[in-house]
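The chain contents come next:
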Amino acid sequence: MADLKRTVLYDLHIALGGKMVPFAGYEMPVQYPMGVLKEHLHTRAQAGLFDVSHMGQVILRPKSGDAADAARAFEALMPVDVLGLAEGRQRYGLFTNEAGGILDDLMFANRGDHLFVVVNAACKDQDIAHMRAHLSDACVVEEITDRALVALQGPAAEPALARLVPGAAEMTFMQVAILDWQGVDLWISRSGYTGEDGYEISVPDAQARAFCEALLAMEEVAPIGLGARDSLRLEAGMCLYGHDIDTTTSPVEGNLGWAIQKARRAGGAREGGFPGAARILRELAEGPARRRVGLKPEGRAPMREGTQVFAAAEGGAPIGAITSGGFGPSIEGPMAMAYLPATLAEGATVYGDVRGKRLPATIVPMPFLPNRFKR
């Protein structure tokens, strides 16, 4: 692990007994002494604190001083409505390539005179290079390197954070705000990647450990590692970049059509004009050949990533493969995502090859567990 980077919270993870593993070029905690199963269930019942400081934080500042110029330039990289995003609001976005594949998924917020963008850790360097290459005429692309990023997730997230930052309680899902804690500006969004209510909080490096310790001192808040983060997001039906979506999958195939607003669709005010528009607009109109679906395997055996999926219990070529799979502690059973022919309807039975045996699984709607965001 000699060449791996560490987040500013590394020493805190060690003090908390975190088991460190390589992830996206960083040493990150996969679990703490509580263990993955209990961490998962604790987040669903109370509140879990995650270090996501390995992700990229970027400010896009318009050179003209007009925020609409930054929005217009950024919008040219994505099939997403950036110009229509109100100040103080955040939205899910997708960088696409000329073939209509996904370069990365991300979050972006309108903070008045600039946009604030959060990108995935594994794609951070290429995403920032992509933004600099395409946006530098219109924007200053400023990577934020002196702030940690943490996520507080679960039904007790609001009362826990509100003890330190009372204004957080008034925020609604996908709202952003800059709120004070002990003279420090916290950049807060009411969002997260667990399916639970909660927040993502950018805090200056110098105060990051003290802020996390103030939260962890509360009985309902526990530190949560990457293991539970993965099972939580999978139950919530959320994609993991590089697994469920990548440059070979389009947003429509990925079942992310909901992220493409009316303004960017055929007949919309700013139809197309993004990389891969021809394919993406065609798939929106006609449907894709394959689509990301949820699977509930029968029995208790999980179907892991890479498991081949067949249409029949015997014979025939594979019709797809599992992209994410595991055991859902909250649903008390296995769950998986796969790309399968779009002609297969919900309720259909398919078969996953688990150690040479084809086991049945049913195509089901996602999320596997209802989301509980504060609307």
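Procedures and definitions
- Residues numbered from 1 in each chain as written.
- Predicted model: local features only at pLDDT ≥ 70, side-chain atom pairs only at ≥ 80, totals over all residues.
- Heavy atoms only, no water.
- Pairing = 2+ DSSP bridges.
- Helix = DSSP H or I, 4+ residues; strand = E, 2+ residues; numbered from the N terminus.
- 1 Å grid on protein atoms, 1.4 Å probe; cavity = no way out; pocket = protein on both sides within 12 Å on 5 of 7 lines; lining within 4 Å.
- Points joined across faces, edges and corners; volume = space filled by probe spheres on them.
- Nonpolar A, V, L, I, M, F, W, Y, C, P; charged D, E, K, R; others polar.
- Salt bridge = Lys/Arg side-chain N within 4 Å of Asp/Glu carboxyl O.
- Buried < 20%, exposed > 50% of the residue type's maximum accessible area, 1.4 Å probe, protein only.
- Core = buried A, V, L, I, M, F, W, Y, C linked by side-chain atoms within 4.5 Å.
- Contact = heavy atoms within 4.5 Å.
- Axes fitted to C-alpha atoms, helices over the stretch in contact; angles between N-to-C directions.

*Asks:* Help me get a handle on the sheet that holds strand S1 (residues 5–6), residues and values and all.
*Replies:* The sheet built from three strands is open, its strands ordered S1-S3-S2 with mixed pairing. Lying at the two open borders of the sheet, with one neighbouring strand each, are S1 and strand S2 (19–23). In this sheet, strand S3 (residues 26–31) lies alongside S2 in antiparallel orientation, the contact comprising five bridges. Along S3, the bridge assignment pairs Met-20 with Pro-29.

*Asks:* Any chance you could break down the layout of surface pockets for me, citing the residues and the numbers?
*Replies:* There is about 210 Å³ of room inside the second largest pocket. Partitioned by chemical class, the residues of the lining of the second largest pocket number five nonpolar, five polar and five charged.

*Asks:* Let's hear about the pattern of salt bridges: which residues, and what values?
*Replies:* Where charged atoms from two side chains of opposite charge come close, those side chains can pair. Applying the stated criterion to the full structure yields 20 salt bridges. The salt bridge partner of Arg-279 is Glu-253, with a shortest N-O separation of 3.0 Å. Of this pair, Arg-279 sits in helix H8 (residues 277–286) while Glu-253 sits in the loop between helix H7 (226–235) and H8, and the two are 26 residues apart along the sequence. The exposure class assigned to Glu-253 is buried, which follows from its relative accessible area of 6%. Three or more residues are tied together by salt bridges with common partners; here these are Glu-75, Asp-81, Arg-91, Arg-264 and Arg-270.

*Asks:* So what about the nonpolar core? Which residues, and what values?
*Replies:* Residues Leu-152, Leu-161, Leu-186, Ile-188, Ile-201, Phe-211 and Val-221 are the most contacted members of the largest nonpolar core, which totals 29 residues. Among the elements of the structure, strand S4 (47–51), strand S10 (147–153), helix H5 (157–164), strand S11 (176–181), strand S12 (184–189), strand S13 (198–204) and helix H6 (205–216) are those that each provide at least two residues to this core. Looking at which element gives the most residues to this core, the answer is H6, with five residues. Setting aside residues no more than four positions away along its own chain, Ile-188 makes contact with Leu-161, Val-165, Met-171, Gln-175, Val-176, Ala-177, Leu-179, Tyr-199, Glu-200 and Ile-201. Listed in part, the 23 residues of the second largest apolar core include Val-58, Ala-71, Val-119 and Leu-135.

*Asks:* Explain the sheet that holds S13 residue by residue, including any values.
*Replies:* The six strands are arranged S11-S12-S13-S10-S4-S14 in an open sheet whose pairing can be described as mixed. Each edge of the open sheet carries a strand with a single partner, namely S11 and strand S14 (221–223). Neighbour-to-neighbour, the strand axes of the sheet open up by a mean angle of 30°, direction not taken into account. In this structure, S10 lies alongside S13, joined through seven bridges in antiparallel fashion. Bridge pairing in S13 places Leu-152 opposite Tyr-199. Contacts between H5 and the sheet are confined to S4, S10, S11, S12, S13 and S14, with S13 contributing the most and set at about 30° to the helix.

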